[in-house]
Amino acid sequence: GIKVLEKHLTSMELAAEADQLKLTSKPVAGKRTLMVEGPPKAHERVKLMVKELMEKGESPMLTKFLNGSKAGFGRPGPLPNAPAAKAAASVSSQVAPGIIAAP
């Protein structure tokens, strides 16, 4: 579960077109938090990828991105700075809008 997220964090960040993804280093109440900076669409993409990875062990969106980036179709570079919305995404259940708790 969480090891897969750690392994693919950078790829997920690029696939979701997020400004930044950060996974907390220490669990709080047994759960780690995935912080997502970027537009609302990036938050939704990250939540979808995390849900798929936790439930199925793979994410079609992430796989498609990884296959495309190997062929040179990944995001070319940093996107222009837009106002960054900060929210926490969790792995298993939504605690509040934009916040997901990870086991």
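A quick note: this is a predicted structure, and the numbers were derived from the prediction, not measured.

Visitor: Kindly report on the packing of helix α1 (residues 2–15) against helix α2 (residues 40–56), identifying the contributing residues and their values.
Guide: The angle between the axes and the distance between the axes are what describe a pair of packed helices. In contact at an axis separation of 11 Å, α1 and α2 are set at 150 degrees when each is read in the N-to-C sense. Here α1 lies roughly antiparallel to α2, going by the angle between them. In terms of crossing hand, the pair formed by α1 and α2 is right-handed. Between α1 and α2, the residues in contact are I2, V4, L5, M12 and A15 and R45, V46, M49, V50, L53 and M54, respectively. Residues belonging to the contact of α1 with α2 are distributed by class as follows: 10 nonpolar, no polar and one charged.

Visitor: Explain the side chain of R32 to me, using residue names and the numbers behind them.
Guide: Its place among the elements puts R32 in the loop between β1 (20–23) and β2 (34–37). R32 gets classed as buried once you look at its relative accessible area, which sits at 15%. Reaching out from R32, the side chain makes a polar contact with the side chain of E6 at a distance of 2.7 Å. Reaching out from R32, the side chain makes a polar contact with the backbone oxygen of T24 at a distance of 2.7 Å.

Visitor: Talk me through the nonpolar core; I want residue IDs and the actual numbers.
Guide: Ranked by size, the top nonpolar core spans 17 residues in total, and within it M12, L21, L34 and V46 carry the most contacts. With five residues, the single largest contributor to this core is α2.

Visitor: Provide a residue-level description of α1, including the pertinent values.
Guide: Helix length check: α1 (14 residues) gives 18 Å between terminal C-alpha atoms against 20 Å at 1.5 Å per residue, within 8%. At H8, α1 shows its maximal bend, which comes to roughly 65 degrees. Buried within α1 we find L5, H8, L9, S11, M12, E13 and A15. E17, located one to two residues past α1, shows a positive phi value of around 60 degrees.

Quick notes on the rules
- Residues numbered from 1 in each chain as written.
- Predicted model: local features only at pLDDT ≥ 70, side-chain atom pairs only at ≥ 80, totals over all residues.
- Heavy atoms only, no water.
- Axes fitted to C-alpha atoms, helices over the stretch in contact; angles between N-to-C directions.
- Helix = DSSP H or I, 4+ residues; strand = E, 2+ residues; numbered from the N terminus.
- Parallel < 35°, antiparallel > 145°, perpendicular 65-115°, else oblique.
- Left-handed = near helix turned anticlockwise from the far one by under 90°.
- Contact = heavy atoms within 4.5 Å.
- Nonpolar A, V, L, I, M, F, W, Y, C, P; charged D, E, K, R; others polar.
- Buried < 20%, exposed > 50% of the residue type's maximum accessible area, 1.4 Å probe, protein only.
- Polar contact = N/O pair within 3.5 Å; in protein donor to acceptor, adjacent residues only side chain to side chain.
- Core = buried A, V, L, I, M, F, W, Y, C linked by side-chain atoms within 4.5 Å.
- Expected span 1.5 Å × (residues − 1).
- Bend = angle between axes of the 7 residues up to and from the residue.

Keep in mind these values describe shape, not function.
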